[in-house]
Amino acid sequence: MYGWIWRHLPGNTGVKALISLVLVLAVVFVLFQYVFPWAEPLLPFNDVTVDQGMAAVR
Amino acid sequence: MTVRWIVRTLSELCVTTGTLIVLFVCYLLFWTGVRADNAMDQEIGRLQERWSAAAPAPGAARPGPSTAPAPSGGPRPYGSGAAFAVMYIPRLGADWSKPVLEGTGTDVLRRGLGHYAATARLGAVGNFSVAGHRRTYGDPFKDFPLLRPGDAVVVSDGTTWFTYRIDRRPYRTLPDDIGVIDPVPRASGYRGPGRYLTLTTCEPEWGHSHRLITWAHLDATQPVVAGRPPALSG
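Just so it is clear, the model here is predicted, and its values are computed rather than measured.

### Some details on the overall build of chain A
Then, in step 1: Secondary structure assignment for chain A yields 2 helices and 0 strands.
Then, in step 2: Out of the 58 residues in chain A, the part that is buried amounts to 29%.

In structure tokens:
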């Protein structure tokens, strides 16, 4: 997979390395900005209330 | 060729998964804290700006200590998701101060402590109940188990300092035990109606099988113009 990407990047080794770095940073940004905030509530660290989903009942 | 390809793809997948997990842990342990501290500072800053804008000029201020600490905000309901108070708990750190926001939704608790919308207003008769993260998002209630009877929980709404005193050691309960935020909380030992405060967070530290609760009663109030309450200066 990574080899395939590397081979399809344009330019010489330096340019390829630069583009790779930008790609990695972009992926990390998307993860931190969108994917992890979405995934995080699925873990138990958010459950700090005693009326989870029952606010309407009270 | 094919075996080599399979092995290579498999190892690439493993490395990718490992990197993802490490990144996610970094996000949880570090980045949520950075973001939350930022958001909380902003909320507190905005509150203080609003309060100083709303406060009368010092010369026009009413004679402080003799004024009854009336809820001068009136019965205007708290705006959902908006900060309306700042909480100080000296036991959790001399500089521990967090904004209190209305509601207990996920996005609210990312920006501060959350007030259960169905419970009493700050300082009112009933049970002013607040939830906060134990871990991640700035770890506001990390040291929750250190709270002891007699500890002060000071909350300011911009016009009045409310000093609550904790009455018993943190109480461990189940996640669906909504009786703990009743106007007269169950299992708290309080008999009649009063001005109570309840704090809730998760237990164990990184889990969600239980909740940790602490109760306090309103001990003293004083107008903001009279200066900081003794519980904070001591």
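### As for the environment of B:A39
All names here are of chain B.
Then, in step 1: Of note, A39 is situated in helix α1 (residues 2-54).
Then, in step 2: In this structure the C-alpha to C-alpha distance between A39 and R111, which are 72 residues apart in sequence, comes to 5.3 Å.
Then, in step 3: In contact with A39, not counting residues within four places along its chain, are R110 and R111.

### Quick word on the nonpolar core
Then, in step 1: Counting residues in each nonpolar core, the largest one holds 25 residues, and the members touching the most others are B:M87, B:I89, B:V153, B:Y164, B:L197 and B:L199.
Then, in step 2: When residues of this core are traced back to their parent elements, those giving at least two are β1 (83-88), β4 (126-131), β5 (152-156), β6 (160-166), β8 (195-203) and β9 (210-223) of chain B.

### Comments concerning the UniProt feature "transmembrane region" (unreviewed entry) in chain A
Then, in step 1: Here the UniProt feature "transmembrane region" (unreviewed entry) sits at residues 17-36 of chain A.
Then, in step 2: Within residues 17-36 of chain A, the helical portion is 100% and the strand portion 0%, while the C-alpha atoms at the span's ends are 26 Å from each other.

### Side note on the pairing of β4(B)
Residue and element names in this part refer to chain B.
Then, in step 1: Counting buried residues along β4, 6 of its 6 residues qualify, which places the element largely inside the surrounding structure.
Then, in step 2: Pairing between strand β3 (residues 113-115) and β4: 2 bridges, direction antiparallel. Counterpart to G114 in the pairing with β4 is A131.
Then, in step 3: Summarising the sheet, β4 and β8 pair through 6 bridges and their orientation is parallel. When the bridges of β8 are listed, V130 appears paired with L199.

### With respect to the interface of chain A and chain B
Then, in step 1: Each partner contributes residues to the interface: chain A has 24 residues there, and chain B has 37 residues.
Then, in step 2: Buried area between chain A and chain B, summed over both chains or domains, comes out near 2,800 Å², and the portion from carbon and sulfur atoms is 64%.
Then, in step 3: In this assembly, chain A and chain B are joined by 1 salt bridge.
Then, in step 4: Between B:R110 and A:E40 there is a salt bridge, and its shortest N-O distance comes to 3.8 Å.
Then, in step 5: Joining chain A to chain B, the criterion identifies 6 residue pairs in polar contact (both at pLDDT 80 or more).
Then, in step 6: If you list the elements that add at least two residues to the side of chain A that touches chain B, you get α1 (2-8) and α2 (13-39) of chain A.
Then, in step 7: Ranked by the residues each element gives to the side of chain A that touches chain B, the list is headed by α2(A), at 7 residues.
Then, in step 8: Residue classes in the side of chain A that touches chain B are distributed as 15 nonpolar, 5 polar and 4 charged.

### Let's talk about the confidence of the model for chain A
Then, in step 1: Of all residues in chain A, 88% have pLDDT values of 70 or greater, and the mean over the chain is 83.
Then, in step 2: Counted against residues more than four places away or in other chains, residues 53-58 of chain A, with its pLDDT under 50, gives 6 contacts.

### Quick word on the confidence of the model for chain B
Then, in step 1: Per-residue pLDDT for chain B has a mean of 88; in total, 90% of the residues score no lower than 70.
Then, in step 2: In the model, residues 59-71 of chain B has pLDDT below 50 throughout and makes 8 contacts with residues more than four positions away in sequence or in other chains.

### Thoughts on the packing of α2(A) against α1(B)
Then, in step 1: It is the contact of α2(A) with α1(B), at a shortest axis distance of 10 Å, that shows an interaxial angle of 80 degrees. Regarding the angle of α2(A) to α1(B), the classification is roughly perpendicular. Residues A:V28, A:L31, A:F32, A:Q33, A:F36, A:P37 and A:A39 of α2(A) form the contact with α1(B), whose participating residues are B:L20, B:L23, B:F24, B:Y27, B:W31 and B:R35.
Then, in step 2: Class assignment for the residues of the contact of α2(A) with α1(B) results in 11 nonpolar, 1 polar and 1 charged.

About the cut-offs
Residues numbered from 1 in each chain as written. Chains lettered and ligands numbered in written order. Predicted model: local features only at pLDDT ≥ 70, side-chain atom pairs only at ≥ 80, totals over all residues. Heavy atoms only, no water. Helix = DSSP H or I, 4+ residues; strand = E, 2+ residues; numbered from the N terminus. Buried < 20%, exposed > 50% of the residue type's maximum accessible area, 1.4 Å probe, protein only. Contact = heavy atoms within 4.5 Å. Core = buried A, V, L, I, M, F, W, Y, C linked by side-chain atoms within 4.5 Å. UniProt positions renumbered as here; feature names shortened; annotations may be inferred. Pairing = 2+ DSSP bridges. Buried area = accessible area lost by both parts, 1.4 Å probe. Salt bridge = Lys/Arg side-chain N within 4 Å of Asp/Glu carboxyl O. Polar contact = N/O pair within 3.5 Å; in protein donor to acceptor, adjacent residues only side chain to side chain. Nonpolar A, V, L, I, M, F, W, Y, C, P; charged D, E, K, R; others polar. pLDDT = per-residue confidence, 0-100. Axes fitted to C-alpha atoms, helices over the stretch in contact; angles between N-to-C directions. Parallel < 35°, antiparallel > 145°, perpendicular 65-115°, else oblique.

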